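Residue strings, one per chain:
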Amino acid sequence: MKQDIRPAPERILVFGASGHVGGPAAAAIAAADNAPALRIATSSAEKAAELKAGFPSAEVVQASYTDLPSLVAAFDGVDAAFLITPDFRIDERQAMINVCAAAHAAGTQPHLVKLVGVTIGINTVNELRTPLRDAPGPSLQYQQARAVLNASGLPVTFLNCFANFMDDFLTVWLPPVLSRRVLAAPYDRSSLFVDPRDVGEAAAQLLLRPHNRDHDGYMRHITGNERIRFSEVADLMTEVLGVEITYEDDPERYKSEVGGLITAQYGPAVLDWFLAFSENEQKEETLFIVTDELRHLLGREPRTLREFFEERKQLFLGDVSPLAQNA
């Protein structure tokens with residue numbers, strides 16, 4: 001049987017290029033040999049100017065997942081697109097319905113690469129444990145988005161980041177490290193960590209290559225380099241930083257200390273979801289496997305958690321601000 005191979009794209013659309021995953025994805029596409037035309041979509045007029053300055057060779061357009069006409073215009077003439085969505089802030093199912101309508105309207109059958117974060121082996125909403133199945137968080141919405149995209153008839157690849165972003169140490173886990181030299185992460189579980197810059201670069205590699213339509217709907221599972229418990233992460237931080245970082249497994253103190261930060265960023269219901277997700281990770285930790293997928297996509301070894309802490313050592317010691325270090 002003759003295979004349906006889509007050639008390398010001539011124009012790629014990237015959402016989320018102002019973020020810590022979409023930015024590296026757009027940068028890798030722009031830097032590629034024989035780089036295709038790059039179109040960057042943002043829903044923010046303020047960010048549009050910043051993105052144009054950061055990616056002077058790219059076309060920057062305003063488009064929102066919730067505004068179908070803007071999506072239709074953004075997908076016009078596009079051969080491939082990177083889809084990344086903000087957790088807790090949109091209805092992913094409706095967003096992907098709009099994306100599919102816009103992609104079909106383009107008439108180019110663009111290859112869609114969608115970033116998700118689901119447990120390997122959990123493939124439908126009904127397979128989720130009750131707390132995550134009933135709450136409108138990423139675990140539920142990623143499965144709903146997958147169902148829409150798989151039913152669309154479009155070329156689709158899922159880049160499944162089955163790992164915590166290392167950058168989370170700069171947000172939800174940072175305050176107790178700075179104030180008390182404590183890594184507060186309830187439910188000491190064996191987990192995985194990946195640098196979002198590597199995730200963005202991996203997405204770019206998927207977008208830049210020809211796509212075999214026999215592989216539509218494939219899940220490309222990317223993970224960290226190693227399984228490691230949060231208590232072991234505290235030991236690693238101690239070794240790298242040269243100061244003792246202790247581990248604390250106390251959900252109630254975590255809620256009181258970091259709850260305000262999470263609520264301010266995502267909303268009041270998210271703190272309980274975050275703790276339920278963490279507890280669920282503990283229950284499902286036997287499913288946390290290390291794959292070689294990220295290394296194969298990058299063509300090099302992914303960044304390690306040790307390298308991440310070494311690169312940001314002065315931040316964790318309190319010598320610079322998170323914004324300055326993450327710039």
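See the structure shown above.
Residues numbered from 1 in each chain as written. Predicted model: local features only at pLDDT ≥ 70, side-chain atom pairs only at ≥ 80, totals over all residues. Heavy atoms only, no water.

Here we look at the side chain of S278
Then, number 1: Mapped onto the elements, S278 comes out in helix α11 (residues 270–283).
Then, number 2: Among the polar contacts listed, one links the side chain of S278 to the side chain of R189, at a separation of 3.4 Å.
Then, number 3: Setting aside chain neighbours within four positions, we find S278 in contact with P186, Y187 and R189. (Helix = DSSP H or I, 4+ residues; strand = E, 2+ residues; numbered from the N terminus. Polar contact = N/O pair within 3.5 Å; in protein donor to acceptor, adjacent residues only side chain to side chain. Contact = heavy atoms within 4.5 Å.)

Some remarks on the packing of aromatic side chains
Then, number 1: Applying the stated rule across the entire model yields 14 aromatic pairs.
Then, number 2: Both rings, one in F15 and one in F75, keep their centres 6.3 Å apart while their planes meet at 40°; by these two values the pair is tilted. Placement of F15 in strand β2 (residues 11–15) and of F75 in helix α3 (residues 68–75) is noted, with a sequence separation of 60 residues between them.
Then, number 3: Judged by its relative accessible area of 0%, F75 falls in the buried class.
Then, number 4: Ring centres of F193 and F230 lie 5.5 Å apart, and the angle between their planes is 80°; on these two criteria the pair is classed as edge-to-face. Taken as a pair, F193 in strand β11 (residues 193–194) and F230 in helix α9 (residues 230–241) lie far apart in primary sequence, 37 residues in all. Pair check on accessibility: F193 and F230 agree, each one buried.
Then, number 5: Put simply, the rings of F169, W173, F193, F230, F308, F309 and F316 pair up and form one aromatic cluster. (Phe/Tyr/Trp six-rings, centres within 6.5 Å; stacked < 30°, edge-to-face > 60°. Buried < 20%, exposed > 50% of the residue type's maximum accessible area, 1.4 Å probe, protein only.)

Geometric values such as these leave the question of function open.
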